[in-house]
Amino acid sequence: MTFSITPELFNYIAITFGRFKWQLLAWSAFFFVLFIGLQAQIQLKTPTILVWIAILILFIAIESLVVAAFMFFFQVLPSTREENAAWYQFYRTIEWCETILFTILLPLPVILFIYAFIRLGAI
């Protein structure tokens, strides 16, 4: 089985889960506000678990924002609507750049949280 990441695959995923993009944006905003509120409450004597919960909330907010952006970017592929060969090639280049970018961005918040968790010795 060959698995390849293409703009068409991302388009299919974005169309499949596109109905959740506004909810993800709302959750992202909620988690950012929650993190800002918790950050104001964190003092030097705050238990470590509460600090980690605040950091987890921040990374959840970032991840939901990235996933929502992914859905907005790949909901429609402009190259599928273009008839002119030059514009088609231009749009395909942009779509491939977005594909490469989101291939890196989608797992990045999770990887950074795991790295922070391991690096700061919480394990």
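What counts and how
- Residues numbered from 1 in each chain as written.
- Predicted model: local features only at pLDDT ≥ 70, side-chain atom pairs only at ≥ 80, totals over all residues.
- Heavy atoms only, no water.
- Helix = DSSP H or I, 4+ residues; strand = E, 2+ residues; numbered from the N terminus.
- Buried < 20%, exposed > 50% of the residue type's maximum accessible area, 1.4 Å probe, protein only.
- Lys, Arg positive; Asp, Glu negative; His and termini not counted.
- Salt bridge = Lys/Arg side-chain N within 4 Å of Asp/Glu carboxyl O.
- Axes fitted to C-alpha atoms, helices over the stretch in contact; angles between N-to-C directions.
- Parallel < 35°, antiparallel > 145°, perpendicular 65-115°, else oblique.
- Left-handed = near helix turned anticlockwise from the far one by under 90°.
- Contact = heavy atoms within 4.5 Å.
- Nonpolar A, V, L, I, M, F, W, Y, C, P; charged D, E, K, R; others polar.
- Patch = residues over 30% accessible without salt bridge, like charges linked within 9 Å, V, L, I, M, F, W, Y side chains within 5 Å.
- Areas by Shrake-Rupley, 256 points an atom, 1.4 Å probe, with all protein chains shown as cover.
- Core = buried A, V, L, I, M, F, W, Y, C linked by side-chain atoms within 4.5 Å.
- Phe/Tyr/Trp six-rings, centres within 6.5 Å; stacked < 30°, edge-to-face > 60°.

A. Here's a closer look at the side chain of K21. Take K21: it is sitting in helix α2 (residues 21-41). One buried charged residue, K21, remains without a salt bridge, the closest side chain of opposite sign being E98 at 13 Å.

B. Main features of the packing of helix α1 (residues 7-17) against helix α3 (residues 48-74). One can describe the packing of α1 onto α3 by two numbers: an axis separation of 8 Å at closest approach and a directional angle of 110°. One element, α1, and the other, α3, form an angle in the roughly perpendicular class. The way α1 lies across α3 gives a crossing that is left-handed. Residues P7, F10, N11, I13, A14 and F17 of α1 lie in contact with α3, whose contacting residues are F70, M71 and F74. Residue composition of the contact of α1 with α3, by class: eight nonpolar, one polar and no charged.

C. Just the environment of P109, in detail. Tracing the chain through its elements places P109 in helix α5 (residues 108-119). Taking relative accessible area as the criterion, P109 reaches 5% and is therefore assigned buried. Put simply, P109 and L38 are 71 residues apart on the chain and 19 Å apart in space, counted from C-alpha to C-alpha. Apart from the residues within four sequence positions on either side, P109 is in contact with F59, I62, E63 and V66.

D. Highlighting a nonpolar patch on the surface. Side chains of W27, F30 and L34 sit close together on the surface and give an oily, nonpolar patch of about 310 Å² of accessible area. Structurally, L34 is set in helix α2. When its relative accessible area of 30% is taken as the criterion, L34 is described as partly exposed.

E. Structural detail: the nonpolar core. Membership of the largest hydrophobic core is limited to nine residues, which are F10, A14, V66, F70, M71, F74, L77, F102 and L106. When residues of this core are traced back to their parent elements, those giving at least two are α1 and α3. With four residues, α3 is the largest single contributor of residues to this core. Once residues within four sequence positions are removed from consideration, F70 is found in contact with F10, I13, A14, F102 and L106. The next biggest cluster of nonpolar side chains, apart from the first, holds five residues, and it includes F35, A54, I57 and A61.

F. Structural context of the packing of aromatic side chains. Enumeration according to the criterion identifies 17 aromatic pairs in this entry. Measuring from ring centre to ring centre gives 6.0 Å for W87 and Y91, while their planes differ by 35°; the resulting arrangement is tilted. Of this pair, W87 and Y91 both sit in helix α4 (residues 85-105), separated by four residues, roughly a single helical turn. On the accessibility criterion, Y91 (25% relative accessible area) is partly exposed.

Interpretation note: all reported values are geometric properties and have no functional meaning in isolation.
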